[in-house]
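Structural characterization, general
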Amino acid sequence: SLASATPSTAGSGSPTVSPTLVPTTTGSVLPTLVPTSTDSVPPTGVSTSTGSVPPTSVPSSPPSSAPSIVATKRPTRSPTLVPTPSLSTVASVRPTRSPTSVPTPNPSTDTTLRPTAAGPTEEARARQVWIDNLSPFLGDDFPSTQLQSDILNELAATDNWAPDDTSDNHLWMERFVLSLFFESCGGDGWNLSGGWRNPNSDACDWFGVSCDSSNRVVSLLSQFNGLEGTLPSEIGLLNALTRIGLQTNRLRGNIPAEIGRLTDLEFLDLRNNRLEGRVPAAVENLAVSSGTSILLRGNDLECTDNISDLDC
């Protein structure tokens, strides 16, 4: 009877409030709030703050900080800072300064100064060739005059000529003597001077010069041609000469005594110049001993009167 009275009262009157509120408040509210705040919040808070954060902080920070800081900084700084300055400073500064400062000045100074002293230049070798070929005619002291030295240097520097027979030093000598004659007699002002001092041509092709079959100079003719200056004494070395015709020019000074060596000379014409002084005895003797025809009128010369072939 008690069991059935309770449900029924709860459904009709005042018993309805009590049974409803109690079970709801205690059975419904409490169980709901307790399990939610106790079962739900703590696990969430614990697993979030305790289970989630600690595992994340501990495994994440120590492993990543330690390897990252130690592995990154130490290997990077040690290889970068220590090896690089050592290799770069030592390898680039020392080798560069040593080869540049020490080796460079020495080779450049040596190569500029030594070759000149140690080995002759092309011009010096050419000069020596001329000296070797001319010394038998001009003496061991050749060149003995400033004009000889000037012509020698010019020929050594610019002349490309060489005889077919290099052993015939007469050809070297004759080219040299004719070059002296050109310079001493004002060749740059001559009316005609074709071929003279041409570094590539043979002297036999020069204007007024004639040669025999052996290329020896046998004739020197340059009359009415504006010659002005003095006759060089070296003209006496042209010992194959048979004719000299230099009349009507402006030659001055003395007649070189060396012309008296030209024993093959057949004709000497020096008329109408400005020559002066005593005619050398060796030149006068050519008229006597060799029958040379010597024409000297029109100058201020002193001659021997009793020589028939001497027209003075």
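Described in the following lines is the structure provided in the data block. Small disclaimer: the values here were computed from a predicted structure and weren't measured. (Residues numbered from 1 in each chain as written. Predicted model: local features only at pLDDT ≥ 70, side-chain atom pairs only at ≥ 80, totals over all residues. Heavy atoms only, no water.)

If you look at soluble globular proteins, the nonpolar side chains tend to sit buried side by side. In terms of nonpolar packing, the biggest core is built from 52 residues, with F176, L178, F181, W196, I255, I259 and L296 touching the most fellow members. Here this core takes nine residues from helix α7 (residues 169-184), the largest share from any one element. (Core = buried A, V, L, I, M, F, W, Y, C linked by side-chain atoms within 4.5 Å. Buried < 20%, exposed > 50% of the residue type's maximum accessible area, 1.4 Å probe, protein only. Helix = DSSP H or I, 4+ residues; strand = E, 2+ residues; numbered from the N terminus.)

What follows deals with the packing of helix α5 (residues 122-138) against helix α6 (residues 146-158). Packing of α5 against α6 brings their axes to within 8 Å, and their N-to-C directions diverge by 135 degrees. Between α5 and α6, the interaxial angle falls into the category oblique. Between α5 and α6 lies a crossing of right-handed hand. Of the residues in α6, those touching α5 at E123, A126, R127, W130, I131 and L138 are Q148, S149, L152, N153, L155, A156 and A157. Of the residues assigned to the contact of α5 with α6, the class counts are eight nonpolar, three polar and two charged. (Axes fitted to C-alpha atoms, helices over the stretch in contact; angles between N-to-C directions. Parallel < 35°, antiparallel > 145°, perpendicular 65-115°, else oblique. Left-handed = near helix turned anticlockwise from the far one by under 90°. Contact = heavy atoms within 4.5 Å. Nonpolar A, V, L, I, M, F, W, Y, C, P; charged D, E, K, R; others polar.)

Scanning the entire structure with this criterion turns up one cavity of 30 Å³ or more. For the largest cavity, the calculated volume is near 80 Å³. Lining of the largest cavity is provided by W161, L171, E174, R175, D202, A203, C204, N215 and V217. Across the lining of the largest cavity, the residue classes tally to five nonpolar, one polar and three charged. (1 Å grid on protein atoms, 1.4 Å probe; cavity = no way out; pocket = protein on both sides within 12 Å on 5 of 7 lines; lining within 4 Å. Points joined across faces, edges and corners; volume = space filled by probe spheres on them.)

The next thing to look at is the pattern of salt bridges. This model, assessed by the stated rule, comprises nine salt bridges. In this structure, E154 engages R197 in a salt bridge whose closest nitrogen and oxygen atoms are separated by 2.8 Å. Residue E154 is found in helix α6, and its partner R197 is found in the loop between α7 and β1 (209-211); the two are separated by 43 residues along the sequence. Judged by its relative accessible area of 18%, R197 is buried. A salt bridge links R271 to D269, with the nearest nitrogen and oxygen atoms 2.7 Å apart. Judged by relative accessible area, which is 31%, R271 ranks as partly exposed. For D269, a relative accessible area of 1% corresponds to the buried category. Several salt bridges share partner residues, and in doing so they unite E154, E183 and R197 into one network. (Salt bridge = Lys/Arg side-chain N within 4 Å of Asp/Glu carboxyl O.)

If you walk through the whole model with that rule in mind, you get ten aromatic pairs. Geometrically, the ring pair formed by W161 and W172 is edge-to-face, given 5.2 Å between the ring centres and 70 degrees between the ring planes. Of this pair, W161 sits in the loop between α6 and α7 while W172 sits in helix α7, and the two are eleven residues apart along the sequence. This pair shows no difference in class: W161 is buried, exactly as W172 is. Here the aromatic residues F181, F182, W190, W196 and W206 are joined through ring pairs into a cluster of three or more. When the ring centre of F267 is taken as origin, the NZ or CZ atom of R243, which lies over that ring, is 4.7 Å away. (Phe/Tyr/Trp six-rings, centres within 6.5 Å; stacked < 30°, edge-to-face > 60°. Lys NZ or Arg CZ within 6 Å of the ring centre and 35° of its normal.)

What follows deals with the environment of I131. With respect to the helices and strands, the residue I131 is situated in helix α5. On a C-alpha basis, the gap between I131 and A156 in space is 9.8 Å, while along the polypeptide they are 25 residues apart. Those residues within four positions of I131 in sequence are excluded, and the remaining contacts are F142 and L152.

One pass over the full model with this rule turns up two disulfides. One disulfide bridge connects C303 with C312, the sulfur atoms lying 1.5 Å from each other. Because the sign of the S-S torsion sets the handedness, a value of about 55 degrees for the bond joining C303 and C312 places this disulfide among the right-handed ones. Residue classification places C312 among the partly exposed residues on the basis of a relative accessible area of 36%. Each bonded cysteine of the protein is numbered by sequence order, and under that numbering the disulfide pairs are 1-2, 3-4. (Disulfide = S-S within 2.5 Å.)

Let us now look at unusual backbone geometry. Note that the residue after F142, namely P143, is joined by a cis bond; omega there is -5 degrees. Tracing the chain through its elements places P143 in the loop between α5 and α6. Positive phi, normally seen in glycine, also occurs at R197, with a value near 65 degrees. A positive phi is found at F224, a non-glycine position, where the angle reads about 50 degrees. When you line up the elements, F224 lands in the loop between β2 (217-221) and β3 (228-229).

Take the side chain of S219 next. Tracing the backbone through its elements, the reader meets S219 in strand β2. Look at S219 and you get buried, because its relative accessible area is 8%. The residues touching S219, leaving out its near neighbours within four places in the chain, are G208, V209, S210, L241 and R243.

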